[in-house]
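# Architecture at a glance
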Amino acid sequence: MAQKPVIFLLLVGLSLLGISCLSQTTVQESPELDLSQGELADQISEGEEILLGLNSSTQKQAAADAYSSGNYDQAISLWESTLEQKRNDPETLIYLSNARIADQPVYSIAVPVPGDAEVNVAQEILRGAAQAQFLINSSGGINGKPVKLIIANDRNNPEVAQELAAVFSQDPEILGVIGHFSSNVSLEAAQVYQKEGLVMISPTSSSVALSNVGSYVFRTVSSDCMSGNALATYLTDKMNVTQVAVLFNSASSYSTSLRDVFKSSMEEQDGEIVVEFNFSQPNFNIVNALSKIKQEEAKALIFFPNSSGINALETLDKTFLIAQMNEGELPLLGGDSLYKPRTLQLGQKNVIDMVLVVPWDTENTDSGFVELATNLWGGKVNWRSALAYDATMALGTAIKQSATREGIQQALLEPNFAADGASGEITFLPTGDRAGKVRLVRVKAGTSSGFGYDFVPVADFKYDLPAACQ
């Protein structure tokens, strides 16, 4: 098993050569960490380490030990048994797929996820990547070579992500990266990938700033530029609402990015934000905020809370409390951070008819993707899984055209590039943003989620991508 020693030597080499990660003043998603080379190496695994160790079985650990020793047959047997007991564990399926490859020549792709910071999110992203790997390898690989996925835990931390980006960049076997998760973390790591010429495709980072990092940075999630414009267009064109109140978190790149785009788009369409509130301000008071909203005669409440990172749970809880106190008086709208079961579970009747702008919905999903997801995981997957699948399939398609780092980047930027994804064709704009339309969903009473309410697509809204986002 050669991968771990290679990565460790790369870490030592980076230190000896004086290669350091770039720094940029941004809000951190988690406290600063100072990892030694050995500790960082322990955050990277193709099967020899269990990175998502929550409730990990002794059998799964035994499989990792077998893999680390090069005993692939034993590892395969143990991981197959582990999957029988816990069908929806993507880490196990990835390691099983890697073990089945054994010592064959491969195309390697790194998948950094927020392992111990956002375990559920990490699993959602890995399910998409694992499903794409399974499909590619079971179909004969790429030009006869299978795909190996190398998982990494970036802890949703910008500094750790930069260090991982430097390691991946110096490993010639790694042809591309699927990640990172949050916009703050992706922005920091992306600078390293851009400098070193390694393609990164984020399935979940939507900040507008990511469009400006460089030509090696892509994403399969829609940019906030598209989402903010779509939400403003729906308000002004469909609802005839031009005066709104906005609640956001200035400590989040995602939240601030979406607020900024939405604000400028509203102004372009003769609308305005009559009052706004910052969740992260220590003097923020819900009762006072609602009083001010009424005083300024806002006709709708727009929520841009962050779903991860600084004050995430607090901002989400404040959102649901405001929705409850609103008592259905003003219509509610928001960004994709609210597109999660928690909104249905905690919001209940207080969020009924809330409209969210989202990058993906189940109604517009390829039936083949859904069928395979159900077979692999025993149930439905969410948008993070779907867009991680798309990112992996896009990278695989580019590798098929040219299996070099520069060739992959050029293939992705070709005007005629296209890959088959969970929700249709995957293409990219010159900015690296995904070309395509965002979608709107509305909360309605229903039984699919198990909480009494479901997200239902808004069918009567057509939105054309504005020139500013192309």
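Residues numbered from 1 in each chain as written. Predicted model: local features only at pLDDT ≥ 70, side-chain atom pairs only at ≥ 80, totals over all residues. Heavy atoms only, no water.

## Considerations on the overall build of the protein chain
Counting its secondary structure elements, the protein chain contains 16 helices and 16 strands. On C-alpha atoms alone, the protein chain measures out to a radius of gyration of 22 Å, which is about the 23 Å that the 2.2 N^0.38 rule sets for 470 residues. Overall, the protein chain is about 70 × 50 × 45 Å in size when its C-alpha atoms are taken along their principal axes. Taken across its 470 residues, the protein chain has 58% of its residues classed as buried. (Helix = DSSP H or I, 4+ residues; strand = E, 2+ residues; numbered from the N terminus. Rg over C-alpha atoms; globule rule 2.2 N^0.38 Å. Buried < 20%, exposed > 50% of the residue type's maximum accessible area, 1.4 Å probe, protein only.)

## Some points on the environment of Phe134
You can see Phe134 is positioned in helix H6 (residues 119–138). On the basis of relative accessibility, which here comes to 28%, the residue Phe134 falls in the partly exposed class. Expressed as a C-alpha distance, the spacing of Phe134 and Lys340, which sit 206 residues apart in the sequence, is 26 Å. When sequence neighbours within four positions are dropped, the list of residues in contact with Phe134 reads Leu93, Leu372 and Leu376. (Contact = heavy atoms within 4.5 Å.)

## Digging into the sheet that holds strand E14 (residues 434–435)
Strand order in this open sheet of three strands is E12-E13-E14, and the pairing throughout is antiparallel. Only two strands of the sheet have a single partner each, and these edge strands are strand E12 (419–421) and E14. Helix H15 (residues 383–401) contacts E12, strand E13 (424–428) and E14 of the sheet and is inclined by roughly 160° relative to E12. (Pairing = 2+ DSSP bridges. Axes fitted to C-alpha atoms, helices over the stretch in contact; angles between N-to-C directions.)

## Remarks on the side chain of Ser211
Residue position: Ser211 is located in the loop between strand E5 (200–202) and strand E6 (217–219). In this structure the side chain of Ser211 is engaged in a polar contact, spanning 2.8 Å, whose partner is the side chain of Arg219. Not counting chain neighbours up to four residues away, the residues in contact with Ser211 comprise Arg219, Ser223, Thr431 and Asp433. (Polar contact = N/O pair within 3.5 Å; in protein donor to acceptor, adjacent residues only side chain to side chain.)

## Notes on the confidence of the model for the protein chain
Across the protein chain, pLDDT averages 89, with 91% of residues at or above 70. Scored below 50 in pLDDT, residues 5–31 shows 52 contacts in the model against residues more than four places distant or in partner chains. (pLDDT = per-residue confidence, 0-100.)

## Digging into helix H5 (residues 90–101)
Its twelve residues place the ends of H5 17 Å apart at the C-alpha level, agreeing with the 16 Å of an ideal helix rising 1.5 Å per residue. Of all twelve residues that make up H5, eleven are buried, and the element is covered over most of its length. The set of residues buried in H5 consists of Pro90, Glu91, Thr92, Leu93, Ile94, Tyr95, Leu96, Ser97, Asn98, Ala99 and Ile101. Contacts from the buried residues of H5 go to strand E1 (44–45), helix H3 (58–68), helix H4 (72–85), H6, strand E3 (147–153) and helix H14 (367–377). Near the N-terminus of H5, the side chain that reaches the backbone nitrogen of Glu91, with its oxygen 3.1 Å away, is that of Asp89. Directly beyond the C-terminal end of H5, a positive phi value near 55° is found at Ala102. (Expected span 1.5 Å × (residues − 1).)

## Concerning the pairing of strand E9 (residues 301–304)
Of the two faces of E9, the one lined by Leu301 and Phe303 and the one lined by Ile302 and Phe304 are each fully buried. One ladder, built from three bridges, connects E9 with strand E10 (residues 332–334); its direction is parallel. Within E10, the position partnered with Leu301 by the bridge is Leu332.

## Some points on a nonpolar patch on the surface
A cluster of nonpolar side chains, contributed by Val287, Leu321 and Met325, occupies part of the molecular surface with about 250 Å² of accessible area. Mapped onto the elements, Val287 comes out in helix H11 (residues 286–295). The exposed category is assigned to Val287, whose relative accessible area is 53%. (Patch = residues over 30% accessible without salt bridge, like charges linked within 9 Å, V, L, I, M, F, W, Y side chains within 5 Å. Areas by Shrake-Rupley, 256 points an atom, 1.4 Å probe, with all protein chains shown as cover. Salt bridge = Lys/Arg side-chain N within 4 Å of Asp/Glu carboxyl O.)

## Details of the sheet that holds E6
Taking strand neighbours across the sheet as the criterion, the six strands line up as E1-E3-E2-E4-E5-E6 in an open arrangement whose pairing is mixed. The open sheet terminates on both sides in strands that have one partner only, identified here as E1 and E6. Judged from the seven bridges that link them, strand E2 (residues 107–113) and E3 form a sheet pairing that is parallel. The residue of E3 that forms the bridge with Val111 is Ile151. Sheet strands touched by helix H8 (residues 183–196): E2, strand E4 (174–178), E5 and E6. Its angle to E5, the strand with the most contacts, is close to 160°.

## Here's the deal with the side chain of Ser182
Among the structural elements, Ser182 can be located in the loop between E4 and H8. A polar contact is formed between the side chain of Ser182 and the side chain of Asn156, at a distance of 3.0 Å.

## Brief notes about unusual backbone geometry
Glycine aside, negative phi is the norm for most residues, and most peptide bonds take the trans geometry. Gly179 connects to His180 through a cis peptide bond whose omega is 5°. For His180, the position within the fold is in the loop between E4 and H8. Phi is positive for Arg155, which is not a glycine, with a value near 60°. In this structure, Glu297 takes a positive phi of about 60° despite not being glycine. Mapped onto the elements of the fold, Glu297 is located in the loop between H11 and E9.

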